[in-house]
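Observations on the model geometry
Read off the chains here:
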Amino acid sequence: VRRTGMGTVFEGICADVSQNDVAMRLRDCDYLFLAADTATARLVFNALAHQYLIPGVQVGSKVPVDEESGEVGDVFSVVRPVLPDSGCLWCAKLINPTRLAEEAQSPEERERHRYLEEIPAPSVITLNAIGAGHAANEFLFSLTGLREPGWHERYFRYHPRPRDLSMDTPLREPECAECGLGPKSRRAMGDARELPTRVG
């Protein structure tokens, strides 16, 4: 970014987005990229996108493995545009309330409530590379206005085992408390509404 010589200001923030002071620094961004594994990061990203009307994209990979047989399931990379008018991660059921509750616990509490040993995450470098490339294209083609007329904000999913592509249409609940148009929604509330973050 610095080498382009375009006067872009780069600020690296090595911190947790669930902290309020960190999330508040993202309010004036032009675009958000979410590439984190936690439900809490999804929660804050989703709130920023709809409360401050910031377009963004969530990117990730999944390698499901059957706990009993060890068989690998439907491996995929996914790119999900999250735009003010296209539904949100809550509507799409992509924020897990159980994981949110677990992440809110202290390390000691999580250890006491653990029933199964953690399964080491598989290497997903190449899967993430595919997702990151498509996420960058989402940003670039949106920013430059090069989208084809009539495009809509479908989620892109790449399945490397069958070498297949699929598209998912985002869901939107009219009364959603995040992206809906009802009086209780955080949509377009800006600083009039608190972000779902931790103070300190």
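Here, the structure is the one placed above.
**A word on the sheet that holds strand S1 (residues 32–34)**
- On the basis of which strands lie adjacent, the open sheet formed by five strands has the order S1-S2-S3-S4-S5 and mixed pairing. The open sheet has two free edges, formed respectively by S1 and strand S5 (164–168), since each of these has just one partner strand. Shown here is a sheet whose adjacent strand axes are inclined to one another by a mean of 15 degrees, direction ignored.
- In this structure, strand S4 (residues 155–159) lies alongside S5, joined through five bridges in antiparallel fashion. Looking at the pairing, Tyr155 lines up with Asp168 of S5.

**With respect to the pattern of salt bridges**
- Tallied over the full model, the rule gives eight salt bridges.
- For Asp16, the salt bridge is made with Arg198, and the minimal N-O distance between the two is 3.6 Å. Placement of the pair is Asp16 in the segment before helix H1 (20–24) and Arg198 in the segment after S5, with a sequence separation of 182 residues.
- Residues Glu138 and Arg147 are paired through a salt bridge, measuring 2.4 Å at the closest nitrogen-oxygen approach.
- With a relative accessible area of 15%, Glu138 lands in the buried category.

**Considerations on a negative patch on the surface**
- The grouping of Asp66, Glu67, Glu68 and Glu71 at the surface amounts to a negative patch.
- In this fold, Asp66 is placed in the loop between strand S2 (56–62) and strand S3 (76–82).
- Classification of Asp66 as partly exposed rests on a relative accessible area of 41%.

**A short note on the pairing of S2**
- Of all seven residues that make up S2, five are buried, and the element is covered over most of its length.
- Bridge analysis of S1 against S2 gives three bridges, and the strand direction is parallel. Each bridged residue has a counterpart across the sheet, and for Leu32 the counterpart in S2 is Gly56.
- Following the backbone out of S1, through helix H2 (residues 39–51) and into the adjacent parallel S2, one traces a crossover that is right-handed.
- As paired elements, S2 and S3 share seven bridges and run antiparallel to each other. Of the residues in S3, the one forming a bridge with Lys62 is Phe76.

**Re the environment of Asn128**
- With respect to the secondary-structure elements, Asn128 resides in helix H5 (residues 125–144).
- Assessed through its relative accessible area of 34%, Asn128 is described here as partly exposed.
- Residues Asn128 and Ala177 lie 49 residues apart in sequence; the distance between their C-alpha atoms is 31 Å.
- Setting aside its immediate chain neighbours within four residues, Asn128 contacts Gly60 and Ser61.

**Focus: the nonpolar core**
- One finds Phe45, Leu48, Leu89 and Leu195 to be the most contacted residues of the largest nonpolar core, which totals 20 residues.
- Elements with a minimum of two residues in this core: S1 and H2.
- The dominant element in this core, judged by the number of residues it contributes, is H2, at eight residues.
- Beyond its immediate sequence surroundings of up to four residues, Phe45 is in contact with Leu32, Phe33, Leu34, Gly56, Val57, Gln58, Val82 and Leu89.
- Listed in part, the six residues of the second largest apolar core include Val57, Val59, Ala135 and Phe156.

**Focus on unusual backbone geometry**
- In this structure, Leu53 is a non-glycine residue whose phi angle is positive, near 55 degrees.
- In this structure, Ala188 takes a positive phi of about 60 degrees despite not being glycine.
- Within the secondary structure, Ala188 is located in the segment after S5.
- We classify Ala188 as partly exposed; its relative accessible area is 46%.

Reading guide: rules and limits
Residues numbered from 1 in each chain as written. Predicted model: local features only at pLDDT ≥ 70, side-chain atom pairs only at ≥ 80, totals over all residues. Heavy atoms only, no water. Pairing = 2+ DSSP bridges. Helix = DSSP H or I, 4+ residues; strand = E, 2+ residues; numbered from the N terminus. Axes fitted to C-alpha atoms, helices over the stretch in contact; angles between N-to-C directions. Salt bridge = Lys/Arg side-chain N within 4 Å of Asp/Glu carboxyl O. Buried < 20%, exposed > 50% of the residue type's maximum accessible area, 1.4 Å probe, protein only. Patch = residues over 30% accessible without salt bridge, like charges linked within 9 Å, V, L, I, M, F, W, Y side chains within 5 Å. Areas by Shrake-Rupley, 256 points an atom, 1.4 Å probe, with all protein chains shown as cover. Lys, Arg positive; Asp, Glu negative; His and termini not counted. Charge placed at Lys NZ, Arg CZ, Asp CG, Glu CD. Right-handed = clockwise from strand over helix to strand, strands pointing away. Contact = heavy atoms within 4.5 Å. Core = buried A, V, L, I, M, F, W, Y, C linked by side-chain atoms within 4.5 Å.

By themselves, these observations are geometric and do not establish any function.
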